[in-house]
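Structural characterization, general
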Amino acid sequence: MTIFGIAAASLPLEKRAPLTTIADATTEALIKIVHWVLLFAPIGIFALVAPIVTQFGWSLVRAMLWFILAVIIGVLAFIALVYLPSIALIARLAPARFLRAAFPSMLMGFSTTSSLATLPTMIDAADKDLQIPRPISASSCRSAPA
């Protein structure tokens, strides 16, 4: 695939344009599939958790809720004490504007525990909310770890 990408990049623009169009359409289709999967994920998670709750009881659910609460508090503390000051000082971006743009991606990442699942929302927020040019936003999001 890498060799094909390098070869396509070396083609003249008029020959490369159809390949770029196909790649963009494929990307949009895959993003739509990810949205559908994430829409139905809660049903699957419920189906996985329900038998465990019936086997071990509600004490397990209470223990998981305490764990989830501790993680949420830790993430909020990190965002408030490290992330937002860094955004304000280094990127010179208003923290409120950044949070409005990044909230859907943060919510998606937290709920799926996968940065790969957040790629569509990260690219969309970078393009539309933060007005970062597409070549920059898409390339920085593609390098995110899964």
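Refer to the structure printed above.
The following paragraphs examine the structure supplied in this document. Numbers given to residues run from 1 along each chain, matching the order in which its sequence is written. Totals for whole chains, interfaces and linings use all residues, but because this is a predicted model, local features are given only for residues with pLDDT of at least 70 and pairs of side-chain atoms are given and counted only at 80 or more. Side-chain numbers here rest on the full set of heavy atoms in the structure, without hydrogens or water.

1. Side note on the overall build of the chain
In this text, helices come from DSSP runs of H or I with a minimum length of four residues, and strands from runs of E with a minimum of two, each type numbered from the N-terminal end. Across its full length, the chain carries 6 helices and 0 strands. Across the chain, helices and strands are ordered from the amino to the carboxyl terminus as α-α-α-α-α-α. Radius of gyration (C-alpha) of the chain: 20 Å, far over the 15 Å computed for a compact globule of 146 residues. Its C-alpha atoms give the chain principal-axis dimensions of roughly 65 × 40 × 25 Å. Counting only contacts in the chain whose residues sit at least 6 apart along the sequence, the fraction spanning at least 24 positions is 37%. Put simply, the chain shows about 10900 Å² of open surface, and 76% of that area lies on carbon and sulfur atoms. Restricting the calculation to C-alpha atoms gives the radius of gyration, and the globule rule supplies 2.2 Å times the number of residues raised to the power 0.38. In what follows, residue pairs with any heavy atoms lying within 4.5 Å of each other are defined as contacts. Shrake-Rupley sampling with a 1.4 Å probe provides the accessible areas, and residues are treated as covered by the protein chains on show and by no other component.

2. Here's the deal with the packing of helix H2 (residues 13-56) against helix H3 (residues 58-91)
Interhelical geometry of H2 versus H3 gives an angle of 120° and a closest axis separation of 6 Å. Judged by the inter-axis angle, H2 sits oblique to H3. When H2 is examined against H3, the residues Ile52, Val53 and Phe56 are found in contact with a partner set consisting of Trp58, Ser59, Leu60 and Val61. Tallied by class, residues from the contact of H2 with H3 come to 6 nonpolar, 1 polar and no charged. For helices, the fitted line uses only the C-alpha atoms of the stretch in contact; every axis is such a line through C-alpha atoms, and the angle between N-to-C directions lies from 0 to 180 degrees. Throughout this description, any angle smaller than 35 degrees is read as roughly parallel, any larger than 145 degrees as roughly antiparallel, any in the 65 to 115 degree range as roughly perpendicular, and the remainder as oblique. Each residue receives one of three labels: charged for Asp, Glu, Lys and Arg, nonpolar for Ala, Val, Leu, Ile, Met, Phe, Trp, Tyr, Cys and Pro, and polar for the others, Gly being one of them.

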